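Residues per chain, in single letters:
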Amino acid sequence: MTVKTASDIKAMEKVCQLAAQTLEYVGKYVKPGVTTNELDQLVYDYTLSNDAKPAPLNYNGFPKSICTSVNHCICHGVPDDTVLKEGDIINVDVTSYKFGFHGDTSRTFFVGDVSEKAKEITEVAETAMFKGIEAIRPTGTVGDIGFAINKYVTRKGYFAVREIGGHGIGRQFHEDPFVPSFGRKGKGDRLKPFGTITVEPMVNENNKPIIELSIPNSTIRYYETEDKTLSAQFEHTVLITDSGYEILTQV
Ligand code: MF3
Ligand code: CO
Ligand code: CO
């Protein structure tokens, strides 16, 4: 985990605020009839007009500026001509790059009115993210975060995805450590004051194996549930402080 200086932290705070504003901005356009490509274009334009870069674009060959993961897509969905329809849920994942640093945040939005089942899994994913964040201690471990997430998700009758998770973040989009959505208290990589990580649990309706799919000309893979049941996710970038934590991507 890279430890940030005071000036690095100022830069992280600013780029994370931009990422948060961008997510809020694009969220207003999530409605029945819009395509995921249109959401992608909105974020591309908004980001460039803020003198920043959309980090996903060309990252390991990823072709778009955001990830759009609809319904049974778990993460890394690629924007295309898919038209959103009433009842869908969609995770929009925004990562901004500016001042030499990255800010990464996502949330699951409702497309019009959605089922009670869709509302519940979305609420569980958001609360799971906050449970993970609240478990952060300056001298704790990633296992503390994963334990808190998994405990909550399991109690609610859902399943936290194990294959993919959070990460260190800073000058690089993805840095050490891996931040799992399961774990044991006190185990795993140690956190450090003034490190920055993401907490980004993905929550599924069942614990069936997930499907990994390739993206043309990219080493990034996207993931889906095998039986097309729903998956939801939220993500914040968080600064570990000497007394606790600070959520950097909160508007
Ligand atoms: N923003 C995603 C994350 O939370 C990563 C997307 S990588 C991309 O880690 F290439 F798909 F954009
Ligand atoms: Co991330
Ligand atoms: Co992200």
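Right above here is the structure, for reference.
Residues numbered from 1 in each chain as written. Chains lettered and ligands numbered in written order. Predicted model: local features only at pLDDT ≥ 70, side-chain atom pairs only at ≥ 80, totals over all residues. Heavy atoms only, no water.

Asker: How should I be thinking about the coordination of the cobalt ion (ligand 3) in this particular structure?
Answerer: A four-donor tetrahedral metal ideally has 109.5 degree angles, and a six-donor octahedral metal ideally has angles of 90 or 180 degrees. The protein atoms that coordinate the cobalt ion (ligand 3) are Asp 93 (OD), Asp 93 (OD), Asp 104 (OD) and Glu 235 (OE), at distances of 2.1 to 2.3 Å. Coordination at the cobalt ion (ligand 3) is irregular: its 6 donor atoms span angles of 59 to 167° at the metal. Between the two metals, the cobalt ion (ligand 3) and the cobalt ion (ligand 2), the spacing is 3.3 Å, and Asp 104 donates to both. Placement of the pair is Asp 104 in strand β5 (residues 101–110) and Glu 235 in the loop between β13 (231–233) and β14 (236–240), with a sequence separation of 131 residues. Comparing Asp 104 with Glu 235 shows no difference in burial state: the two are buried. (Donors = N, O, S within 2.8 Å, 3.2 Å for Na, K, Ca; no water. Tetrahedral: all angles 85-135°; square planar, octahedral: opposite > 155°, others 65-115°. Helix = DSSP H or I, 4+ residues; strand = E, 2+ residues; numbered from the N terminus. Buried < 20%, exposed > 50% of the residue type's maximum accessible area, 1.4 Å probe, protein only.)

Asker: Is there a simple way to think about the site of ligand 1 in this case?
Answerer: Taken together, 14 residues lie around ligand 1, and Pro 56, His 167, His 174, Glu 200 and Glu 235 are the ones closest in. The separation between an oxygen atom of ligand 1 and a polar side-chain atom of Asp 104 is 3.1 Å. One of the side-chain nitrogen or oxygen atoms of Glu 235 is found 3.0 Å away from an oxygen atom of ligand 1. When ligand 1 sits alone it has 330 Å² of accessible area, and the protein chains cover 98% of it. When each cavity is represented as a set of grid points, ligand 1 is found to reside in the largest pocket. (Near = heavy atom within 4 Å. Polar contact = N/O pair within 3.5 Å; in protein donor to acceptor, adjacent residues only side chain to side chain. Areas by Shrake-Rupley, 256 points an atom, 1.4 Å probe, with all protein chains shown as cover. 1 Å grid on protein atoms, 1.4 Å probe; cavity = no way out; pocket = protein on both sides within 12 Å on 5 of 7 lines; lining within 4 Å. Sits in = over half its atoms within 2 Å of the grid points.)

Asker: Would you mind going over the pairing of strand β4 (residues 89–98) with me for this structure?
Answerer: In the case of a regular strand, side chains alternate between the two sheet surfaces. In terms of residue burial, β4 counts as a mostly covered element, since 8 of its 10 residues are buried. As paired strands, strand β1 (residues 53–54) and β4 are joined by 2 bridges and run antiparallel to one another. Residue Pro 54 lies in a different strand from β4, and its bridge partner there is Ser 96. Pairing analysis gives 10 bridges linking β4 to β5, with the strands arranged antiparallel. Looking across to β5, one finds that Val 94 is bridged to Thr 105. From the end of β4 to the start of β5, which pair antiparallel, there are 2 residues, and Phe 99 there has a positive phi angle of about 60°. (Pairing = 2+ DSSP bridges.)

Asker: Would you mind going over helix α2 (residues 36–49) with me for this structure?
Answerer: Since the α-helix turns once every 3.6 residues, residues separated by three or four places project in the same direction. In this model α2 runs 20 Å from its N-terminal to its C-terminal C-alpha over 14 residues, within 8% of the 20 Å that 1.5 Å per residue would give. Here α2 has its buried residues at Thr 36, Asn 37, Leu 39, Asp 40, Leu 42, Val 43, Tyr 46 and Thr 47. If you follow the buried residues of α2, they end up packed against α1 (6–27), β1, β2 (66–70) and β4. In the segment just after α2, Asp 51 is the residue with positive phi, at about 55°. (Expected span 1.5 Å × (residues − 1). Contact = heavy atoms within 4.5 Å.)

Asker: How should the pattern of salt bridges be read in this particular structure?
Answerer: Where charged atoms from two side chains of opposite charge come close, those side chains can pair. Inspection of every chain in the model, using the stated rule, returns 8 salt bridges. Residue Arg 171 is joined to Asp 8 by a salt bridge in which the shortest nitrogen-to-oxygen separation is 3.6 Å. Here Asp 8 lies in helix α1 and Arg 171 lies in the loop between β7 (166–168) and β8 (175–179), a separation of 163 residues in the sequence. Arg 171 gets classed as partly exposed once you look at its relative accessible area, which sits at 49%. Residue classification places Asp 8 among the buried residues on the basis of a relative accessible area of 12%. Notably, a salt bridge pairs Glu 205 with Lys 117, separated by 4.0 Å at the nearest N-O pair. One end of the pair, Glu 205, is in the loop between β10 (202–204) and β11 (210–214); the other, Lys 117, is in helix α3 (residues 116–134), and 88 residues separate them in sequence. (Salt bridge = Lys/Arg side-chain N within 4 Å of Asp/Glu carboxyl O.)

Asker: Help me understand the environment of Phe 147 in this model?
Answerer: Along the chain, Phe 147 falls in helix α4 (residues 142–155). Owing to a relative accessible area of 28%, Phe 147 belongs among the partly exposed residues under this scheme. The sequence separation of Phe 147 and Glu 175 amounts to 28 residues, and the corresponding C-alpha distance is 21 Å. When sequence neighbours within four positions are dropped, the list of residues in contact with Phe 147 reads Phe 182, Gly 183, Arg 184 and Lys 185.

Asker: How do you make sense of the layout of surface pockets when you look at a structure like this?
Answerer: Any space left empty among the atoms is revealed by the rolling of a water-sized probe across them. Considered as a void within the structure, the largest pocket measures approximately 390 Å³ in volume. His 76, Ile 164, His 167, His 174 and Ile 220 are, among the 25 residues lining the largest pocket, the residues nearest its centre. Contributions of two or more residues to the lining of the largest pocket are made by β4, β7, β8 and β12 (221–225). The element contributing the most residues to the lining of the largest pocket is β8, with 4 residues. The class makeup of the residues in the lining of the largest pocket is 10 nonpolar, 7 polar and 8 charged. Its boundaries defined by the atoms lining it, the second largest pocket holds a volume of some 230 Å³. Taken together, Thr 36, Thr 68, Val 70, His 72, Cys 73, Gly 77, Val 78, Pro 79, Asp 80, Thr 82, Tyr 222 and Glu 224 form the lining of the second largest pocket. Of all the secondary structure elements, the ones that give two or more residues to the lining of the second largest pocket are β2 and β12. (Points joined across faces, edges and corners; volume = space filled by probe spheres on them. Nonpolar A, V, L, I, M, F, W, Y, C, P; charged D, E, K, R; others polar.)

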